[in-house]
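# Commentary on secondary and tertiary structure
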Amino acid sequence: AGCSNPKAPTGKSRDNVLGPGFRCEIDATRFQVQLVSQFGRQFMIGEAAFYALLDDFSGAYIGWAITPGPPKWDIARDALLNAFTDKTQEFKRLDLPYTSEDMPVKEIPTRLTADRAELVTNKAGVIPEMGVKVEIMASMRPDRKGQIERAIGAIKNQGKFYILPGSHVKNPGRRVDDGKSSASLTIKELERILVEKIIDLNLEPVPLSEIPTALVDAGYQSITRIGLYKWALENRPRHYRTLSPIEVFTFLLNKADTSATSVGINFKKMTFRSTRLVELGYGAEAKPITIGYTDRADQVWFYDERACELVAAQNDKDDRSEERRVG
């Protein structure tokens, strides 16, 4: 009789994770939903890539980003920016009835686990500059970041995206509906649906085996994913990073030199408005300004050196025009 060689235990991604932000996983997916422009629904913009950021300690979603087109580094970086941003601000942008109490996250992880595709790029060098340790997983090994793989699957399975207008089968062939004739959702409307799913999934209970002993000793028999994250922020050593507004501007935004007047910032043939421009001395004559931007077309940012704040200027064609600040 031969000797068997049992497989060695593989462990779990949350093993040896000391607290919230100690390690997070990031991954992307595409939704087979054709979208239209929020600036004119007669214009098609195609499908969107969606990134989710998951905290390994609690299993809670802590950040997200969405954009037309394929997954790429810039959108992964936007998910980190979203994780840092106070969620009350993000919920207001999406017209959702939640506050930061529902998602009390304003930190970035000290370790980030991702596929090679997102982080093997010259642009991704800013991540270690921020003090974040990068852990790149081997290709074709989704098990190495199993929590985020399951988390994205949960969003898709609960979302029933196949019934949305503009939805279609993956790689539709000839004479198969490609979703373009029924497309009516904007990217912001799809993002709103996705964030609703994230809120629901964050309220799922943590398995008893994953509840810290301190909580069990205190009488807790059930706690939600986001509840565990919030508890650990207050009761576990700090294992996350916070950023100053100037660090956000430096590391998490693309930069462009352009011009501004009291009316707004001129960028890519669009105008982005902020009342702060008048306070900073911008008038009728255009003056140079350095801005930060992402793939989103609804706002750009500039750094106010007087107040040490990062200020968002809103696209004057967007359906919301209120000013928002970071920091």
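In what follows, the structure referred to is the one given above.
A brief look at the structure comes next. (Residues numbered from 1 in each chain as written. Predicted model: local features only at pLDDT ≥ 70, side-chain atom pairs only at ≥ 80, totals over all residues. Heavy atoms only, no water.)

## Considerations on the environment of Ser181
Checked against the element boundaries, Ser181 lands in the loop between α5 (146-159) and α6 (187-202). Under the relative-accessibility criterion, Ser181 is labelled exposed at 71%. C-alpha of Ser181 to C-alpha of Gly166: the two residues are 15 residues apart in sequence and 7.1 Å apart in space. (Helix = DSSP H or I, 4+ residues; strand = E, 2+ residues; numbered from the N terminus. Buried < 20%, exposed > 50% of the residue type's maximum accessible area, 1.4 Å probe, protein only.)

## Section: unusual backbone geometry
Of note in the backbone geometry, Asp95 takes a positive phi value of approximately 55° without being a glycine. Examined against the element boundaries, Asp95 turns out to sit in the loop between α2 (87-93) and β4 (108-109). A positive phi angle, near 50°, is found at Lys268, a position not held by glycine. Tracing the sequence through the fold places Lys268 in the loop between β9 (265-267) and β10 (270-273). A relative accessible area of 54% places Lys268 in the exposed class.

## Digging into the sheet that holds strand β1 (residues 24-37)
Here we have five strands laid out as an open sheet, ordered β3-β2-β1-β5-β6, and mixed in their pairing. Taken across any chain shown, the strands that pair with only one partner, and hence form the sheet edges, are β3 (61-68) and β6 (133-136). Strand-to-strand twist across the sheet, computed as the mean angle between neighbouring axes with direction ignored, equals 30°. Where strand β2 (residues 40-55) and β3 come together, seven bridges link them in antiparallel fashion. Counted as the bridge partner of Leu53 is Gly63 from β3. Across the sheet, helix α1 (residues 73-84) touches β1, β2, β3 and β5 (111-114), and the angle it forms with β3 is around 140°. (Pairing = 2+ DSSP bridges. Axes fitted to C-alpha atoms, helices over the stretch in contact; angles between N-to-C directions. Contact = heavy atoms within 4.5 Å.)

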